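# An overview of the molecular structure
Listed below are the residues making up each chain.
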Amino acid sequence: MIGERYINGLVLAGFLAVPIWALAMDEPFTITLATRASVLAMAAVGLNIALGIGGLVSLGHAVFFGLGGYAMGILAHHAQTHAALDLGFLAIEGSRSMPVIWITAVTVSALAALLIGLLSLRTTGVYFIMITLAFGQMFFFFSISWSAYGGEDGLSIYVRNGFPGLDTLVPIQFFGLCFTALCAALLLHWRLRASPFGMALNAARQVPRRVETVGLNPMRLKLLAFVVSGAVTGLAGALFADLNRFVSPTMFSWQLSGELIVLIIIGGVGRLMGPVIGAALFVALEHFLGGLTDFWHVWLGAILLLIVLFARGGLIGILTGKDGPRV
Amino acid sequence: MSDVILSTRNLSRSFGALKATRNISIDLRAGEIHAVIGPNGAGKSTLIEQISGGLRSDSGTVHLVGRDVSALSTQARARAGLGRTFQISALAMEDTVLENALLGALGQSGRPWRFWRAAGEDRDLRARATAALERVGLAGVADQVTASLSHGQRRQLEVAVALTLSPRAFVMDEPMAGLGAEGSRVMTDFLDGLRGEAPILLVEHDMDAVFALADRISVLVYGQVIATGTVAEIRVSREVKEAYLGEGA
């Protein structure tokens, strides 16, 4: 069996090698696929903080993904129409700058996670899953009916937003940006997991009453994990919107929340690189099998079934020979 | 009265028509091991939960070092100095033995909001955790996954986590549960030395251990304390014999 850190190194190296190879071969579409995988991976890395370490099975993380997406969409829309967003007491100028959009996306999704967390964390187990799903559906239907920003049709942004010093329309440069963001999210997960906070959170998932008995509040630990988790997924949402130059209510859909969970389960719940492997496999299947059949999800389902039945540690678990944490 | 560390006054709790505990008043004095014994269903577990904060009391108070903690949460009572152990080990089974002890040290430090440096690299936490593991004889297995420990070792770790808290009073729920003769003897010796550090309210079924350790014993029957006294007094009490040890005992 292979040590987990070598696998982690290999996965990241592979993630870098594919677009570099594509660049050399002049295959820009492959670079876009790698970018899509990085962004989905990042969204799932965010969820993995809540789900993997904290045991919070959120079926509503599309809320944060969508909020990040709409933060980008709305700011860029106002910039491209040169009309400030008028809130009555305050007029907000649009923006085409990624750093501004990112800060907005992170702030908005963290705030939403705080509110949703405060309400949902009163419940556990299947009720927690249902209440997060319900929040997801609320945002989904709200976005469908919000005609100012395209409603059901979504919102197109014609030119990708800018980042100082980069030409974001060049695929490899935008990939570099997304991959760096993914690495930052992974670094956050890694440090958080080993930190006192992560240790306490991980224990709160396993034995909440023990955590209380040593004088810590499991609720607060989980709430903070949920907020950090939502913020990371929100930032991924902003990048996803910029990748497609399009935002629509599908970013809020419960299918997306489900897919994020699937990515984590395939890769390995709670494993640092679990979501990365999961996202890479997902995008590869979507591309290759999706080219052969419209029903490629069947094969994804079969893989998921095999992993849930026979390899609870996901692909990382198979490679390292160790099961992941039980959620 | 100044040497009373933990006390309950008229503690009661009902579940529907069942009065699990009725007007329980118990004092735990500095330096003593105070055992609470009673047949199954006498209300021992309910009492422990009421003292440690897991169950709200219908009436009555709990004082810890002169402070009324009756309205406090479990975690606030732990911070006030209550070191509780569980009858069924409540440990993070996926984590290492050291990590379980570190969790206690972290709770004792009261600073879980640190996000960057690894917990295992924090010298203060590590020293506290390792010291507790050494005391119960688990230092050698510190890096093992807790799930791989024997039942006896888990009982010891349960106590070690409480030690990391440096509590003012211990509340131990059957620390001997499931231990063999040798394990019981080791645990008995250990608890014997612990009473000087902080008094122990000991709920225990193992009568040999209770008679060997206890300075005083309270007998709980149908949710009420029917007798409190020294080991010698309880041994000869007619009431206790009839109600608990069984006639002819």
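Residues numbered from 1 in each chain as written. Chains lettered and ligands numbered in written order. Predicted model: local features only at pLDDT ≥ 70, side-chain atom pairs only at ≥ 80, totals over all residues. Heavy atoms only, no water.

### Notes on the pairing of strand β9 (residues 216–221) of chain B
Looking down a regular strand, the side chains alternate between one sheet face and the other. All names here are of chain B. Going by this rule: The buried label goes to any residue with under 20% of its type's maximum accessible area, the exposed label to any with over 50%, and the partly exposed label to all in between, with areas taken from a 1.4 Å probe on protein chains only. Per the convention used, a helix needs a DSSP run of H or I reaching at least four residues, while a strand needs a run of E reaching at least two, with both numbered from the N terminus. Pairs of strands are assigned from DSSP output, requiring at least two bridges between the strands.
Buried residues dominate β9, accounting for 6 of its 6 residues. Pairing analysis gives 6 bridges linking β9 to strand β10 (residues 224–230), with the strands arranged antiparallel. Paired with Ile 217 across the two strands is Gly 229, which belongs to β10. As consecutive antiparallel partners, β9 and β10 are separated by 2 residues, and within that stretch Tyr 222 has a phi angle of approximately 45 degrees, a positive value.

### Remarks on the pattern of salt bridges
All names here are of chain B. For the record, the criterion: Any carboxyl oxygen of Asp or Glu that lies within 4 Å of a side-chain nitrogen of Lys or Arg is treated as forming a salt bridge with it.
All told, the structure shown has 13 salt bridges over all chains when counted by the stated rule. A salt bridge links Asp 122 to Arg 114; its shortest N-O distance comes to 2.8 Å. Given a relative accessible area of 11%, Asp 122 falls into the buried group. Looking at Arg 114, the relative accessible area reads 23%, which means it is partly exposed.

### Things to note about the interface of chain B and chain A
Put simply, the test is: Here a residue-residue contact requires only that any non-hydrogen atoms of the pair lie within 4.5 Å. Using a 1.4 Å probe, buried area is obtained as the accessible area two parts lose upon being combined, added over both of them. Any pair of nitrogen or oxygen atoms within 3.5 Å is treated as a polar contact; in protein, a donor-acceptor pairing is required on top of that, and neighbouring residues in sequence qualify only through side-chain atoms on both sides. Throughout this entry, Asp, Glu, Lys and Arg are counted as charged residues, while Ala, Val, Leu, Ile, Met, Phe, Trp, Tyr, Cys and Pro are counted as nonpolar. The remaining residues, Gly among them, count as polar.
With 32 residues of chain B at the contact, the number on the chain A side is 30 residues. Summing both sides of the interface, chain B and chain A together bury roughly 2800 Å²; the carbon and sulfur share of this comes to 64%. For chain B, the biggest contributors to the area lost against chain A are Glu 94, Leu 103 and Trp 116 of chain B; these three give 22% of the whole. Along the contact surface separating chain B from chain A lie 2 salt bridges. The shortest N-O distance in the salt bridge between Glu 158 of chain B and Arg 210 of chain A comes to 2.5 Å. The interface formed by chain B and chain A includes 13 residue pairs in polar contact (both at pLDDT 80 or more). Of all the secondary-structure elements, those providing two or more residues to the side of chain B that touches chain A are α2 (74–79), β6 (82–85), α3 (97–109) and α5 (151–164) of chain B. Ranked by residues supplied to the side of chain B that touches chain A, first place goes to α3 of chain B with 7 residues. Within the side of chain B that touches chain A, the residues separate by chemical class into 19 nonpolar, 5 polar and 8 charged.

By themselves these figures say nothing about function.
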